[in-house]
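# Results of the structural survey
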Amino acid sequence: MRCEKVLGHLSLFLDEMLEVELADGVSQHLRSCSDCSRELGRLKKLRNALTSLEPVEAPDYFYDLVNLKISRARQESWRKNLQSAFECWWSRVRTTEGMWYVTRLMGAMATIVFFIAISSAMNPIYLGLSGQLPGRGGVALIQPSQQLAKNLQKVFGSPLAAQKKPIRSSDPKINDQYLANLAQSVSRTAHDDTVSVVAVVDRLGAAKVQDVLEYPSDDSLLSDFTDMIMTAGWRPASQNGRAVDAWLVLTFSKIYVYN
Amino acid sequence: MNTGFPDELALNRYEENCLAMDQEHSHAPAAEVFEEIFNRYQSMVFNLTFRILGDREEALDVSQEVFFSVFRKLHHFRGESSLKTWIYRITINRASNRCRWWNRLRRRGTISLDEHLSKDDSRTLSDSLESAGNTPEQDLVLQEQRLEIERSLRRLPVQQRVAVIMRDVEGLSYDEIAGLLQVSLGTVKSRIARGREELKRRLNGTLG
């Protein structure tokens, strides 16, 4: 047997894993070949060195680390269980017709309750509105508590009656046609003009000009617009379904009046 | 360091108790049962991961994963092999995967080749001096030899390293290794022979 072949079998020979005939051949060769015997000796030394490697000790806190990992995982699994329970429930709801309609109905009711709650939360700032014009800047002041009942009565009691007043069809409507007619009725200037006024529309739908922010060059144009605003039919502004006073800034710009 | 493993292939009474308790609590093993399992196998798991990975911190990390995996999967364990075999297999898989992960990082050049290999000289000179029966010089030589062997082991390809460790450090038979790694006997023979050859070549000066 040649050295190359024997060297390839040394590992298995050392572990007695070679077949008998092959092991005999290797054994015979080793008796006569000092190089191969030396290699076998080195292999034995290697194996002994590996076998004699001392065991290492895990640190004392090893168990604590594992426990920590497990307790964290338990918390996560609690969340996962909750999530899967919800998914299971939702799947059942979606696939059961009756439950699906009931859930939709409950969802719709919950949505309505939610919006009512939101609007109720936003309402109180308007409850103190006493009806007069607000101060500069348009911010309404909240009245003292003794006036709250009165205001509530005002807010919930009268506006319904006020809203009952119908807007008559004979009332002039502010629209393009109305403005065109108005423009035709005046024939004094032939240049661009601008009118800007503050108007108050009350809960009965009546409007009056409160202030003039920008005067036109022709004063008669202002009186025409003021008449127009006061004679037009206005739909009262509403706040949460209730009629309220409203302040408007009306600006008519680029007015071109034909001669 | 031969543990006699896996001559215990038949489930012993303790493992049967574990299984029984586990089946009663179908989703998580009782804390006491798990603690028993941990106490019994923690040394085996830590040593095996340390030999394969060659780094204490890495070994600790992977050992944690092993026991966490055992904890989570114990209720799936059907007793087809012994509990020890099952844990052993998990350990080898986890440690081998971690090795491959390190190798991938090295190939990408993310870390230097020796960055985590040289951290493990955990045994101090005083430890070796405490060894009974040897002169300090002999202890020093043995210590150097041990370090050199561990260093060379870590440089073997993962599959060869695992096979050599299982055979020469853990003392398992070829059949047992083949069963645990789920490869043929020929593959095991080949891996061990190549691994030893490579080690012998690397330890040329150390082995004399």
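Structure first, text after, so check above.
Within each chain, residue numbers correspond to sequence positions counted from 1 in written order. All chains are assigned letters beginning at A, and all ligands numbers beginning at 1, according to the order in which they are written. At least 70 in pLDDT is required for a residue's local features to be given in this predicted model, at least 80 for side-chain atom pairs to be given and counted, and no such filter applies to totals for whole chains, interfaces and linings, which use all residues.

With that settled, consider the overall build of chain B. Put simply, DSSP H or I for four residues or longer makes a helix, DSSP E for two residues or longer makes a strand, and each gets a number counted from the N terminus. Counting secondary structure elements, chain B contains ten helices and zero strands. Going residue by residue from the N terminus, the α and β elements of chain B occur as α-α-α-α-α-α-α-α-α-α. Contact between two residues is assigned when their C-beta atoms, built from the backbone, lie within 7 Å. For chain B, restricting intrachain contacts to residue pairs at least 6 apart in sequence, the fraction spanning at least 24 positions comes to 69%.

Listed per partner, the contact involves 23 residues of chain A and 27 residues of chain B. Looking at the side of chain A that touches chain B, the elements that each hand over two or more residues are α1 (3-14), α3 (34-51) and α4 (62-95) of chain A. Among the elements that take part in the side of chain A that touches chain B, α3 of chain A stands out by supplying eight residues, more than any other.

Turning to helix α8 (residues 174-181) of chain B, a few remarks are in order. All names here are of chain B. Each residue is classed by its C-beta neighbour count within 10 Å, where at least 20 other C-beta atoms makes it buried, 12 or fewer makes it exposed, and intermediate counts make it partly exposed; the C-beta atoms are placed from backbone geometry. Within α8, burial applies to Glu 176, Ile 177 and Leu 180. Here the buried residues of α8 occupy an arc of 100° about the axis, which is enough to place them on one side. Looking one or two residues past α8, Gln 182 carries a phi angle of roughly 55°, positive in sign. It is the directions from the helix axis to the C-beta atoms that the arc portrays.

When two helices pack together, their arrangement is given by the angle between their axes and by how far apart the axes lie. Residues and elements named next belong to chain A. Each axis is a line fitted through C-alpha atoms, and for a helix only the stretch in contact is used; angles between axes span 0 to 180 degrees, taken between their N-to-C directions. Between α1 and helix α2 (residues 20-32), the least distance of the axes is 10 Å, while the angle of their chain directions is 115°. Overall, the two elements α1 and α2 adopt an arrangement that is roughly perpendicular. Between α1 and α2 lies a crossing whose hand is left-handed. Side by side, α1 and α2 meet where Val 6, His 9 and Phe 13 of the first sit next to Leu 22, Ala 23, Val 26 and His 29 of the second. Polarity classes work like this: nonpolar for Ala, Val, Leu, Ile, Met, Phe, Trp, Tyr, Cys and Pro, charged for Asp, Glu, Lys and Arg, and polar for all others, with Gly in that last group. Per-class residue counts for the contact of α1 with α2 are five nonpolar, two polar and no charged. Any angle that falls under 35 degrees is termed roughly parallel, while one over 145 is termed roughly antiparallel, one within 65 to 115 roughly perpendicular, and all others oblique. Definitions for this section: a left-handed crossing has its near helix turned counterclockwise from the far helix by less than a right angle. A right-handed crossing has that turn clockwise.

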